[in-house]
Amino acid sequence: MSNEIKTIAILTSGGDAPGMNAAIRAVARTAIARGLKVKGIKRGYAGLLNEEIVEIEARNVSDIIQRGGTVLGTARCLEFKKAEYQKKGADICRKHGIDGIVVIGGDGSYRGAQALSRLGINTVGLPGTIDLDISCTEYTIGFDTAVNTAMEAIDKVKDTSSSHERCSIIEVMGRNAGYIALWCAVANGAEDVLIPEKYDYNEQEIINHIIESRKRGKSHHIIINAEGIGHSTSMARRIEAATGIETRATILGYMQRGGNPTAKDRFYASIMGAYAVDIMLQGKTNRVVGYRHGEFVDYDIEEALQMEKGIDEYQYEVAQLLTV
Ligand code: ADP
Ligand code: F6P
């Protein structure tokens, strides 16, 4: 164990995600079990700059593993992109005796962690986002819960869509990535899926597909539309005009980001939280934790940010095959 790290802090940043609390709890309890002091930084990097720093004891993280959101609060803090504020953040860490920070968030949050690391504060990032859009990992905290929430909502829309013999366009979150949409397309048996990585904006093809399906006797037509494409309401109007079939748009929105985390999100977030503390104690800094090929791993932040990941071609093909 390194002698240098005596106190670590936890910070959540960017969009919240179910399972972040499980990660906070795991970081805190692992650190305490390893003999460290723990602090919580409220409201992401904004809270760091405002010195919103609280002591965390093992009991303070009781009864949070099952709760969505983040008990520390989160924020987007544009100031922290500037060198002067990053230096201020590092100075505040030193003032509060913080030797290392576990940052739970996405790519933007890792940039902040990287800056702090360069300024002498040990940092480890954990992948916290419902979007699954972090290249170095096959799992991100919150994705599983968000997909399950969206899937259940889409099942409900499908019931009413079938009863009224309507077409439904259901918009799911994901920022510029189509993972939530792709998973829902397969899990909900949707007729079409539009994702930024693949969609060619050929609306006529969708219209033809809807007309053919109706001729074959399908009572509904579910289109999952990723947020990165958007414009679901205007698309519904155009499709209704072209097909003569009543078409409704449903934008699921922020409900996908809330709610109690699934067992998978609680479990993976807990293991990753412990892992973050343990690699920091091994002397690692400027790292991000991931899950790849069946194991928990860690990468240099710069290396992780340079990685690319796309939609699995075979999974996308299967999503389309199964709609026939
Ligand atoms: P995510 O972490 O989910 O990608 P954002 O891109 O909104 O979300 O980033 C979260 C926060 O991380 C930002 O509000 C900002 O405080 C910090 N951040 C983002 N980009 C940088 C950067 N280039 N340098 C330092 N901090 C950054
Ligand atoms: O990154 C999670 C996410 O919910 C994205 O799916 C979405 O594009 C974005 O955050 C919305 O961010 P905000 O909370 O700032 O509206």
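## Comments concerning the nonpolar core
Formed by 63 residues in total, the largest nonpolar core has its most connected members in Ile8, Ile10, Ile104, Leu126, Ile180 and Ile224. Not counting residues up to four positions away in its chain, the partners in contact with Ile104 are Ile10, Leu11, Thr12, Ser13, Met20, Ala23, Ile24, Leu126, Gly128 and Ile141. Residues Cys136, Ile301, Leu305 and Met307 belong to the second largest nonpolar core, which totals 28 residues.

## What about the state of the cysteines?
A full pass over the atoms with the stated rule returns zero disulfides. Of the cysteine sulfurs around Cys93, a residue in no disulfide, the closest is that of Cys77, at 13 Å. Looking at the unpaired Cys167, the closest cysteine sulfur is the one in Cys184, lying at 17 Å. In this structure Cys167 comes out as buried when scored by relative accessible area, which is 0%.

## Some details on the domain arrangement of the protein
Domain parsing of the protein yields domain 1 (7-142 + 261-306) and domain 2 (146-257). In this assembly, eleven residues from domain 1 lie in contact with ten residues from domain 2. Around 900 Å² of area is buried between domain 1 and domain 2 when both sides are counted, 52% of it from carbon and sulfur atoms. The three residues of domain 1 that bury the most area against domain 2 are Ile130, Asp131 and Leu132, which together make up 51% of that side's buried surface. The interface formed by domain 1 and domain 2 includes two salt bridges. The salt bridge partner of Arg257 is Asp16, with a shortest N-O separation of 2.9 Å. Counting across the interface, domain 1 meets domain 2 through two residue pairs in polar contact (both at pLDDT 80 or more).

## Quick notes on the side chain of Asp144
Here Asp144 shows up in helix 5 (residues 143-163). Buried Asp144, no salt bridge; nearest opposite-charge side chain is Lys264, N-O distance 5.0 Å. Not counting residues up to four positions away in its chain, the partners in contact with Asp144 are Thr262, Lys264 and Asp265.

## As for the site of ligand 1
Taken together, 14 residues sit near ligand 1, with Arg76, Cys77, Gly106, Gly108 and Ser109 positioned nearest. With respect to ligand 1, the side chain of Arg76 contributes an N or O atom lying 2.9 Å from an oxygen atom. Measuring from an oxygen atom of ligand 1, one finds a backbone N or O atom of Gly108 at 3.0 Å. Counting residues per element, the shell around ligand 1 draws most heavily on helix 4 (residues 107-118), which supplies five residues.

Rules used in this analysis
Residues numbered from 1 in each chain as written. Chains lettered and ligands numbered in written order. Predicted model: local features only at pLDDT ≥ 70, side-chain atom pairs only at ≥ 80, totals over all residues. Heavy atoms only, no water. Core = buried A, V, L, I, M, F, W, Y, C linked by side-chain atoms within 4.5 Å. Buried < 20%, exposed > 50% of the residue type's maximum accessible area, 1.4 Å probe, protein only. Contact = heavy atoms within 4.5 Å. Disulfide = S-S within 2.5 Å. Domains from an automatic or database assignment. Buried area = accessible area lost by both parts, 1.4 Å probe. Salt bridge = Lys/Arg side-chain N within 4 Å of Asp/Glu carboxyl O. Polar contact = N/O pair within 3.5 Å; in protein donor to acceptor, adjacent residues only side chain to side chain. Helix = DSSP H or I, 4+ residues; strand = E, 2+ residues; numbered from the N terminus. Lys, Arg positive; Asp, Glu negative; His and termini not counted. Near = heavy atom within 4 Å.

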